[in-house]
Amino acid sequence: MKRKSFVAENPSILWFLAALALFTIFVTAMSEAAGIGVVSTSFIKTLGKTLCLCLIAVAMDIVWGYCGILSLGHFAFFGLGGYAIGMWLMYARTEIIVTESLSAAAIPPTPEEIHDAVATQIFGVVGTNEFPLIWAFADSLFMQLAFVILVPGLLALVFGWLAFRSRVTGVYLSILTQAMTLALSLYLFQNDSGLRGNNGLSGLQNIPYLGDVPQSMISIAFFWASALALALGYVLCAYVVSGKMGSVIRGIRDNESRVRFLGYHVESYKLFVFTLTAVIAAIAGALYYPQAGIINPAEIAPIASIYLAVWVAIGGRGRLYGAVIGAAFVSLLSSWFTGGGAPSIPLGFYTIQWTDWWLVLLGLSFVAVTLLAPQGIGGLFDLIGKKSKSEGAK
Amino acid sequence: MMNTLLELSGVSVSFDGFKAINNLSFQIGEPELRAIIGPNGAGKTTFMDIITGKTRPDEGRVIWGEKSVSLLKLSESQIARAGIGRKFQKPTVFEAQTVRENLAMALKNERSPFSVLFYRKTKEGAEKIEALAEEIGLTDELTRVAGELSHGQKQWLEIGMLLAQDPRLLLVDEPAAGMTPAEREHTTDLLRRAAETRAVVVVEHDMEFVRRLDCRVTVLHEGSVLAEGSLEHVTANQDVIDVYLGR
Ligand SMILES: Nc1ncnc2c1ncn2[C@@H]1O[C@H](COP(=O)(O)OP(=O)(O)OP(=O)(O)O)[C@@H](O)[C@H]1O
Ligand SMILES: [Mg+2]
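Everything numeric in this text was worked out from a predicted model, so none of it was measured.

Visitor: So what's going on with the overall build of chain A? Residues and values would help.
Guide: Across its full length, chain A carries 14 helices and four strands. Taking 21 Å as the expected radius of gyration for a compact globule of 394 residues, we find that chain A reaches 23 Å, a close match to that expectation. When each of the 394 residues of chain A is scored for burial, the buried share is 49%. Charge centroids of chain A, computed over 21 positive and 19 negative side chains, lie 23 Å from each other.

Below is the structure:
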């Protein structure tokens, strides 16, 4: 018996890919790059970033929704991915600027002089003019791309190994992952962290060697790259949760000791899922921050990872499209509310300013979803699907 | 004479000072069918917990197989892979998954994450699942979610999962609970058939069920073996009568 291809077994994958492709093409056609400009370049960036958030939400759904590990630390991996690529972006661009300005001098600068000038440029704000050790490969795009995967991947591997091996589960594991993010962001806040303390890395939207290419084009390129990453990530995750692997992972979520007594080494599975999703989160981060333009330690703050869990819960965990819907819906709504898009509501005695009240609304929706619709928004799709199925059977 | 497959000697375990298992020694050969009876709290489930690695004893030895491996050094999953399968007292199946998925997960195959990730369904696997489903009477329920099954069906599904693992030793904790008399009879047949080639340990309260198993019986009481032998033999034992009547 030939196994049906997993796409054929999971038609929702095709639906998702088709919707994503249509969306990407539609937005591109409406962009400034295409000459129409209905969708502004800054909004393209917002959409591109949203796609990255959808990707990390899919990863979160695997680790939490399918495997039952409520990680409140996946934004740390996202941030590390951003930092890894940000180092190259900042280094390479500063080098170009410095080389240009020094080339005006009578004596051509030596490579050391350029290197020192770049260091002064980048680290002047934190009172040093030397490169920290971790910038040793910042001039190599290839190496920094490798770090996007290796650094968060290794961190997840070591952290996960220690945590899962000692059978830390449930709330305790969540707290441990929060502690990890907190420690990382506190470390990054220090000026001598080697990553410019609370200044973070900036100017990331300016892609080196592409200085002549307008942002409208660059934004489209990143938008497409984000869409492609989301598509690939989605298919990969759908593959992981399909078939026997998905069965074992869901088994671990529902009754991990039973899975153990069937002979599966549960810790290896958790470690696999945790590390894989950390790497996906890191790739999402590496695509996100060049569109955001800036990354600083506040991005890694524990609250970010909690939001991630909220998105997935609202979208409906345990179904990948639910995670995508949740992340897209809530993060876009959030930027609308906090960006002053939503009109204030005057109550006479008090005016509701959404910039202040949005989090309250989000919190209330989270409670409402948890209590009233534990399947989230994605659960509604299931209802529709079931209804049409039962009608089809009549 | 059959070979000893599993041997426990001098095993003790206490929970907060209470000795649940007290200097217990036990042997089973391959193939063999063995029933374990004993009043509530005698330590029957704890005995299985020790063999499967769920509970670590304070003292004693648990020796497995021809190579005399100490099970105390193995993790739960290693013990399961060594060939020991278990059915829990409270039926534990994966309620959110279908009967087929439950059986497929238990099916004897490579257990490492990467071989599972790239696992492809095979014809043999599908046939084995069909055959098992037939044996446990769940052929029509293969695509149903296990959570929807009746209590007795869940018991059977778990027995099916146990058989799917193809273990050398089956530990079966109160398989007949919640079953109708006809279902019980079917279950005894299943267990007896399984014991033709394997070692099977069945914990059961129901004397009629044990009688039908028609095998050697071990009576546990306060964590040690009170008597062992044929059902007639142990039920004639004065200590056993006292324990059961004194309940
Ligand atoms: N994890 C534990 N912590 C504390 N006490 C325990 C634990 N497990 C078992 N016990 C105690 O050990 C004793 C033996 O329990 P066990 O479950 O093995 O009995 P049993 O023979 O299976 O009884 P039953 O027929 O009711 O299933 C009981 O008194 C029980 O309360
Ligand atoms: Mg018991």
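Visitor: An account of the packing of aromatic side chains is requested, with residue identities and associated values reported.
Guide: What the rule picks out here adds up to 23 aromatic pairs over all chains. With a centroid separation of 4.6 Å and an interplanar angle of 50°, the aromatic rings of A:Phe75 and A:Phe78 are classed as tilted. In this pair, A:Phe75 and A:Phe78 are both assigned in helix 4 (residues 74-102), three residues apart and thus about one turn of the helix distant. Here the two residues A:Phe75 and A:Phe78 agree in accessibility, since each one is buried. Site record: aromatic cluster; members linked through ring pairs are A:Phe75, A:Phe78, A:Tyr288, A:Tyr289 and A:Trp311. Above the ring of A:Trp161, the side-chain terminus of A:Arg165 is found at 4.5 Å from the ring centroid. The positively charged end of A:Lys244 is found above the aromatic ring belonging to B:Tyr119, 4.1 Å away from the centroid.

Visitor: Quick one: what's the story with the coordination of the magnesium ion (ligand 2), residue by residue and with numbers?
Guide: Angles between donor atoms at a metal ideally measure 109.5 degrees for a four-coordinate tetrahedral arrangement and either 90 or 180 degrees for a six-coordinate octahedral one. Residue and element names in this part refer to chain B. Coordination of the magnesium ion (ligand 2) by the protein involves Thr 45 (OG1) and Gln 89 (OE1), with metal-donor separations of 1.9 to 2.2 Å. Of this pair, Thr 45 sits in helix 1 (residues 44-51) while Gln 89 sits in the loop between strand 6 (84-87) and helix 3 (99-106), and the two are 44 residues apart along the sequence. What makes Thr 45 partly exposed here is its relative accessible area of 26%. With a relative accessible area of 37%, Gln 89 lands in the partly exposed category.

Visitor: So what's going on with the nonpolar core? Which residues, and what values?
Guide: Of all hydrophobic cores here, the largest spans 169 residues; its most connected members are A:Trp135, A:Leu320, B:Leu157 and B:Val200. Among the elements that line this core, the one with the most residues is helix 3 (residues 41-66) of chain A, at 16 residues. With sequence-adjacent residues up to four places away left out, A:Trp135 is seen in contact with A:Met87, A:Tyr91, A:Ile122, A:Phe123, A:Gly194, A:Leu195 and A:Leu201. In this structure, B:Phe47, B:Leu71, B:Val201 and B:Leu220 belong to the second largest nonpolar core, which totals 28 residues.

Visitor: Lay out the sheet that holds strand 3 (residues 32-37) of chain B in plain terms, naming residues and giving numbers.
Guide: All names here are of chain B. One open sheet accounts for six strands, arranged 6-7-8-3-9-10; its pairing is mixed. Either end of the sheet is taken by a strand with one partner, and the two such strands are strand 6 and strand 10 (224-229). Each strand axis lies, on average, 20° off the axis of its neighbour in the sheet, ignoring direction. Where strand 3 meets strand 8 (residues 199-203), five bridges bridge the pair, whose relative direction is parallel. Paired with Arg 34 across the strands is Val 201, a residue of strand 8. Each of strand 3, strand 6, strand 7 (169-173), strand 8 and strand 9 (216-221) is contacted by helix 1, which is oriented at about 150° to strand 7, the strand it contacts most.

Visitor: So what's going on with the packing of helix 6 (residues 141-165) of chain A against helix 10 (residues 266-292) of chain A? Residues and values would help.
Guide: Residues and elements named next belong to chain A. Direction vectors running N to C along helix 6 and helix 10 enclose 150°, while the axes themselves pass 8 Å from each other. Compared by their axis directions, helix 6 and helix 10 come out roughly antiparallel. Judged by the sense of rotation from one axis to the other, the crossing of helix 6 with helix 10 is right-handed. Two secondary-structure elements touch here, helix 6 through Val 148, Ile 149, Pro 152, Gly 153, Ala 156, Leu 157, Phe 159, Gly 160, Trp 161, Phe 164 and Arg 165 and helix 10 through Glu 267, Lys 270, Leu 271, Phe 274, Thr 275, Ala 278, Val 279, Ala 282, Ile 283 and Ala 286. A per-class count over the contact of helix 6 with helix 10 returns 15 nonpolar, three polar and three charged.

Visitor: Kindly report on the layout of surface pockets, identifying the contributing residues and their values.
Guide: All names here are of chain A. Approximately 540 Å³ is the volume attributed to the second largest pocket. Sorting elements by how many residues they give to the lining of the second largest pocket places helix 12 (residues 320-338) first, with six residues. For the lining of the second largest pocket, the residue count by class is 13 nonpolar, six polar and two charged.

Reading the values: rules and limits
- Residues numbered from 1 in each chain as written.
- Chains lettered and ligands numbered in written order.
- Predicted model: local features only at pLDDT ≥ 70, side-chain atom pairs only at ≥ 80, totals over all residues.
- Heavy atoms only, no water.
- Helix = DSSP H or I, 4+ residues; strand = E, 2+ residues; numbered from the N terminus.
- Rg over C-alpha atoms; globule rule 2.2 N^0.38 Å.
- Buried < 20%, exposed > 50% of the residue type's maximum accessible area, 1.4 Å probe, protein only.
- Lys, Arg positive; Asp, Glu negative; His and termini not counted.
- Charge placed at Lys NZ, Arg CZ, Asp CG, Glu CD.
- Phe/Tyr/Trp six-rings, centres within 6.5 Å; stacked < 30°, edge-to-face > 60°.
- Lys NZ or Arg CZ within 6 Å of the ring centre and 35° of its normal.
- Donors = N, O, S within 2.8 Å, 3.2 Å for Na, K, Ca; no water.
- Core = buried A, V, L, I, M, F, W, Y, C linked by side-chain atoms within 4.5 Å.
- Contact = heavy atoms within 4.5 Å.
- Pairing = 2+ DSSP bridges.
- Axes fitted to C-alpha atoms, helices over the stretch in contact; angles between N-to-C directions.
- Parallel < 35°, antiparallel > 145°, perpendicular 65-115°, else oblique.
- Left-handed = near helix turned anticlockwise from the far one by under 90°.
- Nonpolar A, V, L, I, M, F, W, Y, C, P; charged D, E, K, R; others polar.
- 1 Å grid on protein atoms, 1.4 Å probe; cavity = no way out; pocket = protein on both sides within 12 Å on 5 of 7 lines; lining within 4 Å.
- Points joined across faces, edges and corners; volume = space filled by probe spheres on them.

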